[in-house]
Amino acid sequence: MHELSLCQSLVRQASRVAAEHGARSIRRISVRIGLLSGVEADLMLHAFPFASRGTAAEGAQLDMELCPVRVYCPQCNRDSEVPSNHLNCPHCGYWQTHLSGGEELLLASIDLGIETDAQTLTSSKPWEVPHV
Amino acid sequence: MCDTCGCAIPDHLYHATNEQTVRTVEVLEGLKAHNDQTARHNRHHFDAAGVLVINLMSSPGAGKTSLLEATIEALKSRYRIAVIEGDLDTENDAERIRAKGVPAVQITTGNACHLDADMVHQAVHALPIKDLDILFIENVGNLVCPASFDLGQHANVTLLSTPEGDDKPLKYPVMFRISDLVLITKTDLLAVLDDFSCAAVAAHIRQLANPAPVMALSSRQGRIEPWLNWLEEQMMKRRTPHFTPVTANARPSGVMRPHVRTHAHV
Ligand SMILES: Nc1nc2c(ncn2[C@@H]2O[C@H](COP(=O)(O)OP(=O)(O)OP(=O)(O)O)[C@@H](O)[C@H]2O)c(=O)[nH]1
Ligand SMILES: [Mg+2]
Ligand SMILES: [Zn+2]
Ligand SMILES: [Zn+2]
Ligand SMILES: [Zn+2]
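Here's a quick rundown of the structure. Keep in mind that what you see is a predicted model, and the values were worked out from it rather than measured.

Another aspect to go through is the pairing of strand β3 (residues 81–85) of chain B. All names here are of chain B. For β3, a buried count of five out of five residues is recorded, marking the element as mostly surrounded by other parts of the structure. Strand direction decides the pairing type here: β3 and strand β5 (residues 134–138), joined by five bridges, are parallel. The residue of β5 that forms the bridge with A82 is L135. In the sheet, β3 pairs with strand β4 (residues 104–106) via three bridges, with the strands oriented parallel. Of the residues in β4, the one forming a bridge with I84 is V105.

So, in structure tokens, the structure goes:
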């Protein structure tokens, strides 16, 4: 429901990082979304073209990594993947587990298009382009 | 192959024109970093003023305003209360609260699906919070969005009215998982809702690994004592030194941030 405004702040964050690196365009934005974060990945994908229009992120690819819900059981000392509405330990049944994954809502990385002039490029081969 | 002209010379990826190389930058920044920062700031205000702040959430019409009216009636002789109203479209709820003789600030900006920390921050500066004991925030009626936005509250209280059905915690786990207290409202209707079970609600809350108390109330019939007692308990905790916010599920406030914002404070 608020995915558009969330996308807008994502675009702002990404644009700020791009500006810090002197990049004019953003090729790809990669985010991590937990299944218990309250954010719908489909709605984010849908909202992204609207949110990025006219910004450095226009035309960028939005990659979303969905993070499963995981709980840690202090009773049997195990960490397990569980459905988002069944957070008890699937091994021993202990109910008071601790959430260890699924709340993620993170801008992980972005791919920037860096303008480089021909002179610097003649000396560098494409496979030597630094990946930071 | 060269991207620019299609020639097959291996080294010829770049031509004399300006070109772009792609560089990956790791960011690892929360998408709600701004909201979380403002929420911490709000919590700092609340703790400095010594006011207990309760965020009330529910689906539309579950009985938030009615519960507040009954609560104010019961507690206003002993506590100084104010309400921030998140009903973005009308002044109705704020007027109902004012009619009970306590201040209410209506939030009027923002998208109509949830309150965020910025909206609450503005409202906080419109209230004499140093002169308050309890501040209630009535969130927008919605079982989805409000759960994702920390406002700086000390406790999340979620209402579930009997006509909605006892399966709601399993359909909206994001909200019910982070609730510090679950109130089953409109229990006067249980007589005609034979398939609603309060025990099932409690079992579903435990299935979400949430130890929050589950209480059955009816604002209509004035049966709200367990909730009033819970509030008294929170007030007692407030008054004892080294107060730590309510329960296991109150969101981590971290170390109390100094006042880093640069706005004028009232
Ligand atoms: N039977 C019964 N009806 C109730 C009770 N509490 C509230 N209602 C009715 O439920 C309707 C909605 O109540 P409100 O208190 O306005 O609910 P709300 O959650 O504030 O609604 P929104 O702010 O619009 O989301 C009103 O018609 C109330 O009279 C109750 O304990 N029993
Ligand atoms: Mg209301
Ligand atoms: Zn929302
Ligand atoms: Zn276990
Ligand atoms: Zn402030």
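Let us keep going from here.
Turning next to the layout of surface pockets. Its volume calculated, the second largest pocket comes out at about 480 Å³. What lines the second largest pocket is a set of 20 residues, and nearest its centre among them are S5(A), S9(A), R12(A), H34(B) and N35(B). Listing elements by their share of the lining of the second largest pocket, those giving two or more residues are α1 (3–20) of chain A together with α1 (33–49) and α4 (117–124) of chain B. Of all the elements, α1(A) adds the most residues to the lining of the second largest pocket, at seven residues. A per-class count over the lining of the second largest pocket returns five nonpolar, nine polar and six charged.

Core analysis: the biggest nonpolar cluster contains 30 residues, and I54(B), F136(B), V157(B), L183(B), W227(B), W230(B) and L231(B) have the highest contact counts within it. If near-sequence neighbours (up to four positions away) are discounted, W227(B) is found in contact with I54(B), L56(B), L67(B), T71(B), F136(B), V157(B), L181(B), L183(B), M215(B) and L217(B). Within the second largest apolar cluster, 28 residues are counted, among which are I33(A), A60(A), L107(A) and V27(B).

Take the coordination of the zinc ion (ligand 4) next. Residues and elements named next belong to chain A. Only C73 (SG), C76 (SG), C89 (SG) and C92 (SG) from the protein coordinate the zinc ion (ligand 4), and they sit 2.3 Å from it. All donors of the zinc ion (ligand 4) belong to a single chain; written as a sequence motif, their spacing is C-x2-C-x12-C-x2-C. With C76 in the loop between β3 (70–73) and β4 (78–81) and C92 in the loop between β4 and β5 (98–101), this residue pair connects regions lying 16 residues apart in the sequence.

A word on the coordination of the zinc ion (ligand 3). Reference values for angles at a metal are 109.5 degrees in the four-donor tetrahedral case and 90 or 180 degrees in the six-donor octahedral case. The coordination sphere of the zinc ion (ligand 3) contains the protein donors H2(A) (ND1), C113(B) (SG), H114(B) (ND1) and C145(B) (SG), at a distance range of 2.0 to 2.4 Å. Taken together, the four donor atoms coordinating the zinc ion (ligand 3) span angles of 75 to 140° at the metal, a pattern that classifies the geometry as irregular. One end of the pair, H2(A), is in the segment before α1; the other, C145(B), is in the loop between β5 and β6 (155–161), on a second chain.

Each value, and the rule that gives it
- Residues numbered from 1 in each chain as written.
- Chains lettered and ligands numbered in written order.
- Predicted model: local features only at pLDDT ≥ 70, side-chain atom pairs only at ≥ 80, totals over all residues.
- Heavy atoms only, no water.
- Buried < 20%, exposed > 50% of the residue type's maximum accessible area, 1.4 Å probe, protein only.
- Helix = DSSP H or I, 4+ residues; strand = E, 2+ residues; numbered from the N terminus.
- Pairing = 2+ DSSP bridges.
- 1 Å grid on protein atoms, 1.4 Å probe; cavity = no way out; pocket = protein on both sides within 12 Å on 5 of 7 lines; lining within 4 Å.
- Points joined across faces, edges and corners; volume = space filled by probe spheres on them.
- Nonpolar A, V, L, I, M, F, W, Y, C, P; charged D, E, K, R; others polar.
- Core = buried A, V, L, I, M, F, W, Y, C linked by side-chain atoms within 4.5 Å.
- Contact = heavy atoms within 4.5 Å.
- Donors = N, O, S within 2.8 Å, 3.2 Å for Na, K, Ca; no water.
- Tetrahedral: all angles 85-135°; square planar, octahedral: opposite > 155°, others 65-115°.

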